[in-house]
Amino acid sequence: NQTGFAMKAIDFQFPFYDRFVDTVYMHVDGFLKFDENPYPLPYQVGDELVFKNESVVAAFLNEEIFVNTSSGNKLWYEGDETHATFRWQVTIEVN
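Each value, and the rule that gives it
- Residues numbered from 1 in each chain as written.
- Predicted model: local features only at pLDDT ≥ 70, side-chain atom pairs only at ≥ 80, totals over all residues.
- Heavy atoms only, no water.
- Helix = DSSP H or I, 4+ residues; strand = E, 2+ residues; numbered from the N terminus.
- Polar contact = N/O pair within 3.5 Å; in protein donor to acceptor, adjacent residues only side chain to side chain.
- Buried < 20%, exposed > 50% of the residue type's maximum accessible area, 1.4 Å probe, protein only.
- Contact = heavy atoms within 4.5 Å.
- Pairing = 2+ DSSP bridges.
- pLDDT = per-residue confidence, 0-100.
- Core = buried A, V, L, I, M, F, W, Y, C linked by side-chain atoms within 4.5 Å.
- Phe/Tyr/Trp six-rings, centres within 6.5 Å; stacked < 30°, edge-to-face > 60°.
- Patch = residues over 30% accessible without salt bridge, like charges linked within 9 Å, V, L, I, M, F, W, Y side chains within 5 Å.
- Areas by Shrake-Rupley, 256 points an atom, 1.4 Å probe, with all protein chains shown as cover.
- Salt bridge = Lys/Arg side-chain N within 4 Å of Asp/Glu carboxyl O.

Attention now moves to the side chain of K33. Note that K33 resides in strand β3 (residues 32-33). There is a polar contact of 3.2 Å between the side chain of K33 and the side chain of D35.

Laid out in structure tokens, this is it:
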């Protein structure tokens, strides 16, 4: 997947701010979004803008993340009708 995110429909709904959601967009940059617009901001210049303008869970937010599949890096989901777990196994490149 070259888009930088993957969509996953989970097996239950949960409340998130003002709505119930059952679809999660998992981003390579370490955050989860819950709406049809998969990108947080078209011209993002700082991570703090994501928190001010978007409803996200940013458990691992880092723009230096690189998914190197040849090194075994991956993003994955595990879950059922009672839980959802999203995981990142990635490389962080510092320039």
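Structure's up, so let's keep going.
Position of A6 among the secondary structure elements: in strand β1 (residues 5-16). For A6, a relative accessible area of 37% translates into the label partly exposed. Remark: the alpha-carbon pair of A6 and H27, spanning 21 residues in sequence, is separated by 6.6 Å.

Relative to the helices and strands, N73 resides in the loop between β5 (65-66) and β6 (74-79). Residues contacting N73, with those up to four places away along its chain left out, are F66, V67, N68, Q89, V90 and T91.

This brings us to the pairing of β6. Bridge count between β6 and strand β7 (residues 84-89): six bridges; the pairing is antiparallel. The partner of W76 across the bridge, within β7, is R87. Linkage of β6 to β7, two consecutive antiparallel strands, is achieved through a turn of four residues.

All right, on to the confidence of the model for the protein then. Averaged over every residue, the pLDDT of the protein is 83; residues scoring 70 or more account for 85%. Ranking the helices and strands of the protein by mean pLDDT puts β1 first, with 94, and helix α1 (residues 47-53) last, with 71.

Moving on, we get to the nonpolar core. Counting residues in each nonpolar core, the largest one holds 12 residues, listed as I10, F16, V21, V24, M26, V28, L32, F34, I65, F86, W88 and V90. Secondary structure elements with two or more residues in this core: β1, β2 (19-27) and β7. For this core, the leading source of residues is β2, giving three residues. In this structure V24 touches A6, M7, K8, I10, L32, K33, F34 and F86, once residues within four positions along its chain are discounted.

Taken as a whole and judged by the stated rule, the model has six aromatic pairs. With a centroid separation of 4.9 Å and an interplanar angle of 85°, the aromatic rings of F16 and Y17 are classed as edge-to-face. Here F16 falls in the buried class, since its relative accessible area comes to 10%. The exposure class of Y17 is exposed, given its relative accessible area of 65%. Within the aromatic cluster, the residues linked to one another by ring pairs are F12, F14, F16, Y17 and F34.

Among the surface-exposed residues, F60, I92 and V94 lie close enough to one another that they form a single nonpolar patch of about 280 Å² accessible area. Structurally, the position occupied by V94 is in the segment after β8 (91-92).

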